[in-house]
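# Chain and residue survey
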Amino acid sequence: MNEFVLRTRITQFSTISEFAQNFQPDEQDCILTSRFLTNIFQIPQLIGIPRMIAEDYGQGEPTDQMIDAMRRDLPASVRRLIAVGGGTILDIAKFLSLDYSGTLDDCLMGKVKYKRARDLIVIPTTCGTGSEVTNVAIAELVKRKMKKGLADDSLYPSQAVLIPQLINSLPYKVFATSSIDALIHAVESFLSPQATVYSRLFSTAAIRLILLGYRQIEIDGKDSWPALAEDFLLASNYAGIAFGNAGCAAVHALSYPLGGAYHIPHGEANQLLFEAVCRKYEQCDPCGRLAELKQLLSEILQTPVKQSLQALYTLMNYVLKRRPLCEYGVRWDELESFADNVIAGQQRLLKNSCVPLNKADIMEIYQSIYNQ
């Protein structure tokens, strides 16, 4: 049976003031955000609303230690969490919307039961995660030195609010890593064996918007991307809807050990693996689902089908230059442990690969990007 689900209500506003006028936050709400975003809340409707700042609990992508500390400080009276930020903020908010005993490690390792405890309203400020419409959240388990995801319907936000104005001021590097993450979400969900005709509508729309945007940036220069902010935010949202139904796959599975051990930003880690994973798919099954992707890329990029994947890699490398693994301090002798980690802990993602990958395949992928 194939199923397509969209449980989150999606609303678009021009400004944060317009959002506040419609949602009317009060003292029973709590705004979760990053310190550098706090200036956007200096409007009358949001003055005095309780808030939590992620950086007060730790730096970088979410960890179980950060989230455990925030759970202890979150007032029991909060009925709605309003999360404003990128993937880190949205993932933290999803975990904080749950009620469970023990620690986040207990929750993610399946030792305790959990349930939805409060409504969640999310406002993304990057154009990458698509987390505003998915039932997935990821955190690093610090003592285990690994990232672990939870996929459950209780994590769907109640409301997703899109405000393109909020992503206009992103640094270029953040735009590049986040939009490439969205592109990979779209491609992996397009290729997924779990894809349906409905999820592919959203995958295709996201791929088209992102690649046409990249082509325009290639013409106008990297500083021109804010003019396309709404397109990239919508593309990220479409990709989130797509992978929320069809799933991500090997690129994400193989990237998680890099993020957990070396704290490589998520989108950048995915970029490291994307080309090598696609080349492995092409080697193993050139006439399978990848052939359909080539046809789509050929149409969008106006290039022959046989050259379409290479055209994609070249365009992505223009937007964000891919570096070899060795430049991040990764040791060659660690690659096997990364592969073991993926096999043991990322079957949820590996099962969505359009070509089944074993440990030898995964090792070859890591080795192929180590020095180049």
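Rules of the game
Numbering of residues begins from 1 in every chain and follows the order in which that chain's sequence is written. Side-chain atom pairs in this predicted model are given and counted only at pLDDT of 80 or more, local residue features only at pLDDT of at least 70, and totals for whole chains, interfaces and linings cover all residues. Side-chain descriptors were evaluated using all non-hydrogen atoms of the structure, hydrogens and water having been removed beforehand. When accessible area is computed with a 1.4 Å probe and restricted to protein chains, residues below 20% of their type maximum are described as buried, those above 50% as exposed, and intermediate ones as partly exposed. Note on conventions: DSSP H or I runs of at least 4 residues are helices, E runs of at least 2 residues are strands, and numbering of each starts at the N terminus. When DSSP finds two or more bridges between two strands, those strands count as paired. Axes here refer to lines fitted to C-alpha atoms; in helices the fit is confined to the stretch in contact. Angles between the N-to-C directions go from 0 to 180 degrees. Among buried residues, those of type Ala, Val, Leu, Ile, Met, Phe, Trp, Tyr and Cys that are joined through side-chain atoms within 4.5 Å constitute a nonpolar core. Contact definition: two residues touch when any of their heavy atoms are within 4.5 Å. Aromatic rings from Phe, Tyr and Trp, with only the six-membered ring used for Trp, were paired whenever their centres fell within 6.5 Å, and each pair was classed as stacked if the ring planes differed by under 30 degrees, edge-to-face if by over 60, and tilted otherwise. The rule for a salt bridge is simple: a side-chain nitrogen of Lys or Arg has to be within 4 Å of a carboxyl oxygen of Asp or Glu.

Looking along a regular strand, one sees the side chains alternate between the two faces of the sheet. Counting buried positions over the six residues of strand E4 (residues 80-85) gives six, a clear majority of the element. In E4, alternate side chains face the same way, and those of Arg-80, Ile-82 and Val-84 on one face and Leu-81, Ala-83 and Gly-85 on the other are all buried. Of the pairings in the sheet, the one linking strand E2 (residues 29-33) to E4 comprises five bridges and is parallel in character. Counterpart to Thr-33 in the pairing with E4 is Val-84. In terms of strand pairing, E4 meets strand E7 (residues 119-124) through six bridges, oriented parallel. Each bridged residue has a counterpart across the sheet, and for Ile-82 the counterpart in E7 is Ile-121.

The next thing to look at is the sheet that holds strand E1 (residues 9-12). Taken together, six strands build an open sheet; the order of strands is E1-E10-E7-E4-E2-E3 and the sheet is parallel. Each of the sheet's edge strands pairs with one partner strand only, and the pair in question is E1 and strand E3 (51-53). Across the sheet, the axes of successive neighbouring strands diverge by a mean angle of 20°, strand direction being ignored.

What follows deals with the nonpolar core. In terms of nonpolar packing, the biggest core is built from 79 residues, with Ile-207, Leu-211, Tyr-214, Leu-254, Leu-273 and Tyr-281 touching the most fellow members. Here this core takes ten residues from helix H5 (residues 172-191), the largest share from any one element. Residues in contact with Tyr-281, not counting those within four places in the same chain, are Leu-191, Ala-249, Ala-250, Pro-286, Leu-290, Ser-353, Cys-354, Val-355 and Leu-357. The next biggest cluster of nonpolar side chains, apart from the first, holds 34 residues, and it includes Leu-32, Leu-120, Leu-155 and Ile-241.

Turning next to the packing of aromatic side chains. Counted by the stated rule, this structure contains 13 aromatic pairs. Plain terms: the ring middles of Phe-13 and Phe-23 are 6.2 Å apart, the flat faces sit at 85° to each other, and that makes the pair edge-to-face. Pair noted here: Phe-13 is in the loop between E1 and helix H1 (16-23) and Phe-23 is in helix H1, with a separation of ten residues, a long-range link. Judged by its relative accessible area of 7%, Phe-13 falls in the buried class. Relative to Tyr-313, the ring of Phe-274 has its centre 6.4 Å away and its plane inclined at 80°; by these criteria the two rings are edge-to-face. Of this pair, Phe-274 sits in helix H9 (residues 266-284) while Tyr-313 sits in helix H11 (residues 308-319), and the two are 39 residues apart along the sequence. As far as the burial class goes, Phe-274 and Tyr-313 line up, both buried. Joined through ring pairs, the aromatic side chains of Tyr-172, Phe-175, Tyr-214, Trp-225 and Phe-232 make up one cluster.

Once that is clear, we can look at the pattern of salt bridges. As enumerated under the stated definition, the model contains 21 salt bridges in all. In this structure, the salt-bridge partner of Arg-35 is Asp-56, at a minimum N-O distance of 2.3 Å. Of the two residues, Arg-35 sits in the loop between E2 and E3 while Asp-56 sits in the loop between E3 and helix H2 (64-73), which places them 21 residues apart along the sequence. Take Arg-35: its relative accessible area is 44%, and that puts it in the partly exposed class. With a shortest N-O distance of 3.9 Å, Arg-322 and Glu-275 are connected by a salt bridge. Pair noted here: Arg-322 is in the loop between H11 and helix H12 (335-345) and Glu-275 is in helix H9, with a separation of 47 residues, a long-range link. Residue Glu-275 is classed as buried on the basis of its relative accessible area of 18%. Several salt bridges converge on common partners, so that one network encompasses Lys-173, Glu-268, Arg-323 and Glu-327.

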